[in-house]
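A look at the structure
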Amino acid sequence: MTQVSLSTLVAGARAGLLVSFPTDTVPALAALPTQAALIFAAKQRSQDKPLILMAASGSDLWPYVQGSDREYKIWQELTDKYWPGGLTLVLPASALVPKVMNPTDPTTIGIRVPASAIAQTILTQTGPLATTSANLSGQAPLQTMAEIEQQFPEVLTLITTESQSEVSAMGVPSTVTKWTGMDWQILRQGAIKLNF
C-alpha cells in the first residue's frame, strides 16, 4: 500500500523517493532533480527524453535557466499569460540543473508551473521537482492514483481522499515549446494551443 498522506508524500520526495501526484494535465511522476535517474529507471525511459522541472512558481524556476535580459523578458511574457497552466518552456539550462535531468542534451531544461492546487501545495514544500507523466515509456499517461499505484508499486502516491477535491485534470499533456535563441519552436501541441 503506497497511498500516503500529503505530509508523508512531501517528506518522501524531500528524502529522495519517487512520488506521484495529480496536476492540471496528467498525474506526475516526480523526484528531486538530483534523483532524476529514478524516474528514467521506473519508466524504462530512454535517456534522450528529458524530464520537466516543475515548481510552484516561476520565481522558483528562473534560477535554473539562463538567457539575456531581452530573452527573460520574452519568456516572462509567455509565462505571465499561461502560467500556472499546461505550458512547458524548453529554455537554456543554468549550471543549477543536474545533468541527469536531460542526459543527452544538458544544455536545455523544460520548466512548468501547474495550475493545480494540490500540485502547488506539494511543490511549495519540496521545491522544484523533476517530473514527467506517470506511465511506462511509450504508453498512454495513467489517469488515476489507483492505476499509478498498480503500475508503480514502489512510488508514493497521494491518498485518494486528499486528491479528490481537485478539479478533474484534463488528461492532456502540457504543450511544449522550445526557445531557439530567436523565436519559439512548438515541440508538442497539448493542453494550450499556441500559434506563433
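The paragraphs below set out a description of the structure included in this document. None of these values were measured; they are calculated from a predicted model.

**Section: the overall build of the protein**
The secondary structure content of the protein amounts to 7 helices and 10 strands. The C-alpha atoms of the protein give 16 Å as radius of gyration, which agrees with the globular expectation for 196 residues (16 Å, within 12%). Dimensions along the principal axes, computed over C-alpha positions, put the protein at roughly 50 × 30 × 30 Å. Every one of the 196 residues in the protein was classed for burial, and the buried ones make up 53%. A sequence separation of at least 24 residues applies to 68% of the contacts in the protein between residues at least 6 apart. For the protein, the exposed surface amounts to about 8800 Å²; the carbon and sulfur share of it is 55%. Counting 12 positive and 14 negative side-chain charges, the protein places the averaged centre of each group 5 Å from the other.

**Looking at the environment of Asp-24**
Following the sequence through the fold, Asp-24 ends up in the loop between strand 2 (19-21) and strand 3 (28-31). Note on Asp-24: relative accessible area 13%, which makes it buried. In terms of polar contacts, Asp-24 uses its side chain to reach the backbone amide nitrogen of Ala-115, at 2.8 Å.

**Things to note about the sheet that holds strand 2**
With mixed pairing, 10 strands are arranged side by side in an open sheet as 1-8-2-3-7-4-6-5-9-10. Across the chains shown, the open sheet's two edge strands, defined by having one partner strand only, are strand 1 (3-4) and strand 10 (184-188). For strand 4 (residues 52-54) and strand 7 (residues 129-133), the ladder comprises 3 bridges, and the chain directions are antiparallel. Each residue of the ladder has a partner; that of Ile-52, found in strand 7, is Thr-131. The sheet contacts of helix 1 (residues 6-14) involve strand 1, strand 2 and strand 8 (156-158), and relative to strand 8 the element is tilted by about 145 degrees.

The rules behind each value
- Throughout this description, residue numbers start from 1 for each chain and increase along the sequence as written.
- Two thresholds apply to this predicted model, a pLDDT of at least 70 for residue-level local features and 80 or more for giving and counting side-chain atom pairs, whereas whole-chain, interface and lining totals are computed over all residues.
- Excluded from the side-chain calculations are hydrogens and water; all other atoms, namely the structure's heavy atoms, are used.
- Where helices and strands are cited, they refer to DSSP runs of H or I of at least four residues and of E of at least two residues respectively, numbered from the N terminus.
- We compute the radius of gyration over the C-alpha atoms and compare it with the globule rule, which gives 2.2 Å times the number of residues raised to the power 0.38.
- Note on classification: 1.4 Å probe, protein chains only; a residue is buried when its accessible area is under 20% of the maximum for its type, exposed when over 50%, partly exposed between these limits.
- Pairs of residues are marked as contacts when any of their non-hydrogen atoms sit within 4.5 Å.
- Note on areas: these come from Shrake-Rupley sampling with a 1.4 Å probe, and a residue is covered only by the protein chains present in the view.
- When charges are counted, Lys and Arg contribute as positive and Asp and Glu as negative, whereas His and the chain ends are disregarded.
- Lys charges are placed at NZ, Arg charges at CZ, Asp charges at CG and Glu charges at CD.
- Two N or O atoms form a polar contact when they lie within 3.5 Å of each other; inside protein one atom must be a possible hydrogen donor and the other a possible acceptor, and for residues adjacent in sequence the pair counts only when both atoms belong to side chains.
- Pairing between strands requires that DSSP locate at least two bridges from one strand to the other.
- Convention adopted: a line fitted to C-alpha atoms gives each axis, helices being fitted over their contacting stretch, and angles between N-to-C directions are expressed from 0 to 180 degrees.

Spatial relationships are all this shows, so hold off on functional conclusions.
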